[in-house]
Each structure stands twice: as structure tokens, then as C-alpha cells.
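# Residue-level structure breakdown
Each chain, written out:
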Amino acid sequence: MHISEGVLSAPVLLAGAVLSLVGLTLGLKKIKNEDIPKVAVLSSAFFVASLIHIPIGPTSAHLVLNGLVGMLLGWSAFPSIFVSLVLQAILFQFGGLTTLGVNTFSMAMPGVLFYYIFRKMIHKGKNAAFIGGFLGGALAILLGTIFISVSLIETEKSFTGVAATLLTMHLPIAFIEGIITGFVVIYLKKVKPEALG
Amino acid sequence: MKKIFFFTLIFLFVYNTIAEAHKVSAYAYREGDKVIGECYFVDGSPCKNSVVEVYDSKGKKILQTTTDEKGKFNFKTQETGELKIVIPAGEGHRAEYTLESAKSEKKEVKKQEPIKEVEKKQTPSVNSEEIKQIIDEAMDAKLQGIRNEIMDLRKKMDKINIRDIIGGIGYIFGVWGLIMLIKRRKNAS
């Protein structure tokens with residue numbers, strides 16, 4: 001789920017950059033100093049997650065963990081994911097520097113959105129917290145694929161075609177990440193409840 | 001505790017997978033008026049049945065072809081200038097390779113001309129065109145091994161190594177440390 005350099009047109013890139021910039025400033029303002037280690041750890045988790053491939057049929061998709069980052073950080077997911085994407089672009093040539101805006105927004109925004117939707121569930125009992133984490137983690141990926149498909153409308157022409165391929169490819173990923181996020185949420189709830197903002 | 005948990009998670013990931021992702025790379029070389037190339041994903045698996053577009057130095061599309069089951073492609077062109085090969089692999093992935101312009105190799109022939117004339121008298125049946133063809137064939141056969149080796153090296157270079165991963169994590173912590181420092185200074189002043 002990284003859009004490469006040279007695929008998108010300038011207006012799409014610009015729109016992505018502006019939207020991400022808004023998210024970034026909001027996120028940086030909201031970070032408290034004592035939260036920064038948490039943000040850094042999640043940045044590196046996101047950074048490494050993209051290297052893990054899960055074979056699905058003829059092709060394979062990699063983990064994203066944008067749901068986990070979003071559920072634990074809220075708006076701070078923007079700077080967290082942005083830093084990882086910059087390093088992925090520089091070190092691994094995943095995505096590209098010009099597409100940073102679009103990629104950041106389509107990964108971080110779903111996480112932020114579901115953070116606000118499922119935040120209350122996370123603070124309830126253990127079962128509710130797991131379900132909240134699962135849904136947040138899984139849905140953030142699926143919404144991310146929709147955002148990516150939207151930004152590819154111009155290049156790929158058939159929106160439903162791309163969206164359908166990406167969605168089916170990422171269904172198993174969404175399931176796995178839902179479980180990961182669910183477990184991380186209940187684990188943190190038990191050992192360090194203040195980490196769940 | 002939380003940190004330990006995440007670090008074990010990260011290390012499990014790193015050791016479980018020889019890291020790969022959906023980056024697409026392409027490589028091509030010339031052989032006379034033929035251009036031969038290959039397209040592959042970062043883990044070395046071929047990029048099958050994908051469209052290959054070729055542009056000249058002015059950015060004009062001159063031809064289009066597709067890769068075969070092994071990710072290989074070839075085409076003929078008279079264009080000796082710089083060629084840009086673009087492979088849009090779908091879902092937002094794309095590879096690009098610039099093939100340098102083919103420079104004329106005629107200078108060497110002129111130097112050898114006096115000797116050749118003597119040879120020509122002795123063996124008039126072999127003209128310079130045929131000699132060139134024979135040399136080309138012999139060279140191609142010899143160079144094939146080296147070409148394969150270059151291809152393998154390229155694939156290896158494109159693979160992600162653990163140094164990059166560890167380095168990247170280090171950078172992330174460094175960047176966030178800096179942000180923390182700046183924030184703390186702002187709060188103090």
C-alpha cells in the first residue's frame with residue numbers, strides 16, 4: 001500500500017500533501033512530551049511492519065499496522081506514520097518522496113477516524129476492549145485501501161476494479177491486524193492503562 | 001514492559017521474514033539493435049505479464065511490449081539515444097530504468113584497417129561484415145555469464161538487508177528524540 005513515484009498527477013499529490021500537513025500540525029501539537037517514547041516505538045513498529053509479507057493467492061500483501069498506530073495515538077498517528085514513511089522511502093524505496101503526502105494521509109487518517117469511533121469501547125471491559133481494538137485495527141486497513149483506490153482513480157480508470165483487488169488482497173491482513181491490535185489493547189489495559197489515551 | 005513487548009515483536013518480524021515488499025525494479029541492456037530486459041519484485045520474483053512502455057529522450061512513447069512468465073522482455077529499436085523504460089505494475093507500483101545511449105563503436109575499426117587489408121588479400125571470402133557478426137556472436141556467448149551475474153547482483157542489491165532495518169529504527173528514535181528535545185526547550189522558555 002505504497003504508491004510509487006510518478007504514478008499520480010500533480011493535483012492529487014498536492015491535495016494529499018495539504019491534507020497530511022494539516023494532520024501533521026494537529027498531531028505534533030497534541031503530542032505531550034511524555035508520550036513521545038510511545039510514538040517513537042509505534043513509528044518503528046509501522047516501519048518494520050511493511051516488511052512482513054503474507055502470501056495471498058498469486059500475490060502477497062504486507063502488514064501495515066496503521067490501525068494499531070491510530071488506536072494508540074489518535075492524531076499523533078500522523079507524525080508517527082510520516083516519519084516511518086520517509087525512512088521507508090529513503091532506505092527501501094517503498095513509495096516515494098513526492099507521494100509522501102498521499103501515502104501518509106491514506107494510512108494515518110483511517111486510524112485517527114476509528115480511534116474516535118472506538119475510543120469509548122476500549123475503556124470498557126476486557127471483551128469490549130478487544131472487540132474495539134479488533135474493529136479499529138481491521139477497519140483502518142480497509143478504509144486505507146479505499147483511500148488509496150480513490151487517489152488512483154485518475155491513473156487506473158476503473159475505481160471499482162482497483163478497490164476490489166486491493167480490498168480482497170487486504171482482507172486477511174485486516175483480520176490479522178485486527179487480532180494484533182485487539183491483543184495489544186487488552187495487554188496495555190492490564191499493564192499500563194494510561195498508555196491508552 | 002511495553003517496550004520489551006514491542007521489541008520482541010519487532011525482532012520476531014525481522015527474523016521470521018527475509019524482508020520483502022512490493023517494490024518493482026527493472027533492468028535492461030542493449031545487444032545490437034535489440035534491447036533485452038527483466039522486471040522483478042524486490043524479493044527477486046518476476047513481474048509477470050506486465051506492460052512495458054519505452055520512451056525516447058524527448059519523452060515520446062516509441063513502443064510498448066509485455067513481460068513474459070519470467071518477467072523478461074525484449075524489443076528491437078533503431079533508436080540509439082537514451083531510452084526510458086517504464087513498467088506500470090498496477091495498484092500504484094511502477095518501475096523505471098534509463099538505458100544509456102549507444103555510442104558508435106566505429107573508431108576501432110579504422111585503426112585496424114591497414115592490417116585488415118593484408119588479411120583481406122589472403123582470405124578474400126570473409127568480409128568485415130561477417131567478421132563483425134562472428135565477433136558479436138562469440139562475445140555474446142562469453143558475456144552471457146557475466147550478464148546473468150550482474151542481474152543476480154542487482155537483485156541482491158535491491159533486497160532489503162537487516163542493516164537498513166536496524167538503521168531505520170535507529171533513525172526513527174533519533175528523530176523523535178530531537179522532537180522531544182525541541183518541545184522541551186519550547187516548554188522551558
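Since we're looking at a predicted model, the values are computed, not measured. (Residues numbered from 1 in each chain as written. Chains lettered and ligands numbered in written order. Predicted model: local features only at pLDDT ≥ 70, side-chain atom pairs only at ≥ 80, totals over all residues.)

## A short note on the overall build of chain B
Helices and strands together make up the secondary structure of chain B, namely five helices and seven strands. Reading chain B from its N terminus to its C terminus gives the helix and strand order α-β-β-β-β-β-β-β-α-α-α-α. Burial analysis of chain B (189 residues in total) assigns 21% to the buried set. Pairs at least 24 residues apart make up 50% of the contacts formed inside chain B by residues separated by at least 6 positions. (Helix = DSSP H or I, 4+ residues; strand = E, 2+ residues; numbered from the N terminus. Buried ≥ 20, exposed ≤ 12 C-beta atoms within 10 Å, placed from the backbone. Contact = placed C-beta atoms within 7 Å.)

## Remarks on the overall build of chain A
Helix and strand counts for chain A come out as eight helices and two strands. Order of helices (α) and strands (β) in chain A, N terminus to C terminus: α-α-β-β-α-α-α-α-α-α. A compact globule built from 197 residues should have a C-alpha radius of gyration of about 16 Å, and chain A, at 16 Å, falls within 12% of that. Projected onto its principal axes, the C-alpha positions of chain A cover 45 × 40 × 30 Å. The proportion of buried residues among the 197 residues of chain A is 57%. The contacts of chain A with a sequence gap of at least 6 include a subset with a gap of at least 24, amounting to 76%. (Rg over C-alpha atoms; globule rule 2.2 N^0.38 Å.)

## Regarding the sheet that holds strand β2 (residues 34-41) of chain B
Residues and elements named next belong to chain B. The antiparallel open sheet is built from three strands, whose spatial order is β1-β2-β5. The open sheet has two edge strands with one neighbour each: β1 (24-31) and β5 (72-76). On average, each strand axis in the sheet is tilted by 20° relative to the strand beside it, whichever way the strands run. Pairing of β2 with β5, which is carried by five bridges, proceeds in the antiparallel orientation. Bridge assignment links E38 to a residue of β5, and that residue is K72. (Pairing = 2+ DSSP bridges. Axes fitted to C-alpha atoms, helices over the stretch in contact; angles between N-to-C directions.)

## Remarks on helix α4 (residues 77-92) of chain A
All names here are of chain A. The end-to-end C-alpha distance of α4, which contains 16 residues, comes to 21 Å, matching closely the 22 Å that a straight helix rising 1.5 Å per residue would cover. Across the 16 residues that make up α4, a large majority, 13, are buried. The first or second residue beyond α4 is Q93, which carries a positive phi of 55°. (Expected span 1.5 Å × (residues − 1).)

## A look at the pairing of β2 of chain B
Residue and element names in this part refer to chain B. The buried fraction of β2 amounts to six of the eight residues, a majority that puts the element mostly inside the structure. Here eight bridges tie β1 to β2, and the two strands are oriented antiparallel to one another. Looking across to β2, one finds that S25 is bridged to Y40. Hairpin remark: β1 followed by β2, antiparallel, with two residues in the connecting loop; positive phi at G32, about 65°.

## Comments concerning unusual backbone geometry
Residue and element names in this part refer to chain A. The backbone of L65 shows a phi angle near 65°, a positive value even though the residue is not glycine. For L65, the location among the structural elements is in the loop between β2 (59-62) and α3 (66-73). Here Q93, not a glycine, exhibits a phi torsion of approximately 55°, which is positive. Owing to 19 C-beta atoms within 10 Å, Q93 belongs among the partly exposed residues under this scheme.

## A short note on helix α4 (residues 128-158) of chain B
Residue and element names in this part refer to chain B. The end-to-end C-alpha distance of α4 is 42 Å, a good match for the 45 Å that 31 residues give at a rise of 1.5 Å each. The axis of α4 is deflected most strongly, by about 40°, at L143. Sparse coverage of α4 is indicated by the burial of zero of its 31 residues. (Bend = angle between axes of the 7 residues up to and from the residue.)

## Quick look at the packing of helix α1 (residues 10-30) of chain A against α4 of chain A
Residues and elements named next belong to chain A. For the pair α1 and α4, interaxial distance at closest approach is 7 Å and the crossing angle is 115°. Of α4, the residues touching α1 (which contributes S20, G23, L24, L26, G27 and L28) are A77, F78, P79 and F82. Looking at the contact of α1 with α4 residue by residue, the classes come out as seven nonpolar, three polar and no charged. (Nonpolar A, V, L, I, M, F, W, Y, C, P; charged D, E, K, R; others polar.)

## Quick word on the nonpolar core
Counting residues in each nonpolar core, the largest one holds 89 residues, and the members touching the most others are V69 and I81 of chain A. The biggest single contributor to this core is helix α5 (residues 100-122) of chain A, with 11 residues. Here this core spans two domains, and each of domain 1 (22-160) and domain 2 (161-189) of chain B adds at least three residues to it. If we skip the residues at most four places from it in the chain, V69 of chain A touches L42, F46, A77, S80, I81 and G111 of chain A. (Core = buried A, V, L, I, M, F, W, Y, C linked by C-beta atoms within 7 Å. Domains from an automatic or database assignment.)

## Digging into the environment of A174 of chain A
Residue and element names in this part refer to chain A. Within the secondary structure, A174 is located in helix α8 (residues 159-191). On a C-alpha basis, the gap between A174 and I52 in space is 14 Å, while along the polypeptide they are 122 residues apart. Setting aside residues up to four positions removed in sequence, A174 forms contacts with A138, I141 and L142.

## Some words on the environment of F46 of chain A
Residue and element names in this part refer to chain A. Positionally, F46 belongs in helix α2 (residues 36-49). A residue is classified by how many C-beta atoms lie within 10 Å of it, and F46, with 26 of them, is buried. Between the C-alpha atoms of F46 and L85, which are 39 residues apart in sequence, the distance is 8.6 Å.

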